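Here is how the chains run, residue by residue.
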Amino acid sequence: QVQLVESGGGLVQAGGSLRLSCVASGLTFSSYAMGWFRQAPGKEREFVAVGTFYADSAKGRFTISRDNAKNTAYLQMNSLKPEDTAVYYCAAGIIASADAPHYSYWGQGTQVTVSS
């Protein structure tokens, strides 16, 4: 059974930083692209980052990384803005894509709230 478990979300002031983690189990982690998506209240889920690709909203502020030995993906978020407030999801897929349907497995999400 594949599981992706995110952690690291929370409440932070604008300009602050958070590091999200996503621990994967039940799959060959190194064989999967690990993407990050987010969904704000009342909005559709949107792509954040995968591999070396970043959404425009994330470029220069967010950094994605992974540790295959720990089956863990990370999303370092700096210079956070109130508009970054959302539930953040990690996802595993064979293809590194900005399109959510390309991902087979999803975590439960972690809430990030940025206050102004």
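Basis of the calculations
Counting starts from 1 at the beginning of each chain's written sequence and moves along it residue by residue. Thresholds applied to this predicted model are a pLDDT of at least 70 for local features of residues and 80 or more for the giving and counting of side-chain atom pairs; totals over whole chains, interfaces and linings are not thresholded and use all residues. Each side-chain value is worked out from all heavy atoms of the structure, with water and hydrogens disregarded. Labels follow the DSSP assignment, with helices taken as runs of H or I lasting at least four residues and strands as runs of E lasting at least two, numbered in each case from the N terminus. Here the radius of gyration uses the C-alpha set of atoms, whereas the globule reference equals 2.2 Å times the residue count to the power 0.38. Note on exposure labels: buried denotes an accessible area under 20% of the residue type's maximum, exposed denotes more than 50%, and partly exposed covers the range between, all computed with a 1.4 Å probe on protein chains only. Any pair of residues with heavy atoms lying within 4.5 Å of one another is described as a contacting pair. Using the Shrake-Rupley algorithm and a 1.4 Å probe, accessible areas are obtained, with residue cover drawn only from the displayed protein chains. Charge assignment in this entry is limited to Lys and Arg as positive and Asp and Glu as negative, and neither His nor the chain termini are counted. A single reference atom marks each charge: NZ on Lys, CZ on Arg, CG on Asp, CD on Glu. Think of a polar contact as two N or O atoms within 3.5 Å of one another; within protein, one of them needs to be a possible hydrogen donor and the other a possible acceptor, and neighboring residues in sequence only count if both atoms come from side chains. In plain terms, two cysteine sulfur atoms within 2.5 Å form what is called a disulfide here. As used here, the term nonpolar core means buried Ala, Val, Leu, Ile, Met, Phe, Trp, Tyr and Cys residues forming a set that is joined through side-chain atoms within 4.5 Å.

Helix and strand content of the protein: zero helices and eleven strands. Listing the helices and strands of the protein from first to last along the sequence gives β-β-β-β-β-β-β-β-β-β-β. Rg of the C-alpha trace for the protein: 13 Å, near the compact-globule value of 13 Å for 116 residues, within the 12% margin. Sorting the 116 residues of the protein into buried and exposed places 43% on the buried side. When contacts within the protein are restricted to residue pairs at least 6 apart in sequence, long-range pairs at least 24 apart make up 60% of them. Just so you have it, the protein exposes about 6000 Å², and 49% of that area is on carbon and sulfur atoms. Averaging the positions of the 9 positive and the 8 negative side-chain charges in the protein gives two centres separated by 5 Å.

Let's shift gears to the side chain of Ser-97. Its place among the elements puts Ser-97 in the loop between β9 (86-93) and β10 (105-106). Judged by its relative accessible area of 8%, Ser-97 is buried. Here the side chain of Ser-97 touches Asp-99 through a polar contact of 2.9 Å, landing on its backbone nitrogen. Setting aside residues no more than four positions away along its own chain, Ser-97 makes contact with Phe-37, Phe-47, Val-50, His-102 and Tyr-103.

Per the counting criterion, the structure on display carries one disulfide. Here Cys-22 connects covalently by a disulfide to Cys-90, the sulfurs 2.0 Å from one another. Across the S-S bond of Cys-22 and Cys-90 the torsion is about 60°, and the bridge reads as right-handed. One end of the pair, Cys-22, is in strand β3 (residues 18-25); the other, Cys-90, is in strand β9, with 68 residues separating them in the sequence. The buried category is assigned to Cys-90, whose relative accessible area is 0%.

The next point concerns the nonpolar core. Core analysis: the biggest nonpolar cluster contains 27 residues, and Trp-36, Val-48, Phe-62, Leu-75, Met-77 and Tyr-88 have the highest contact counts within it. Elements with a contribution of two residues or more to this core: β3, β4 (33-39), β5 (46-50), β7 (62-67), β8 (72-77), β9 and β11 (110-115). If we skip the residues at most four places from it in the chain, Tyr-88 touches Glu-6, Leu-20, Phe-37, Arg-38, Val-48, Phe-62, Leu-75, Met-77, Gly-109, Thr-110 and Val-112. Core analysis: the second largest hydrophobic core is formed by seven residues, Ala-33, Phe-47, Ala-55 and Tyr-103 among them.

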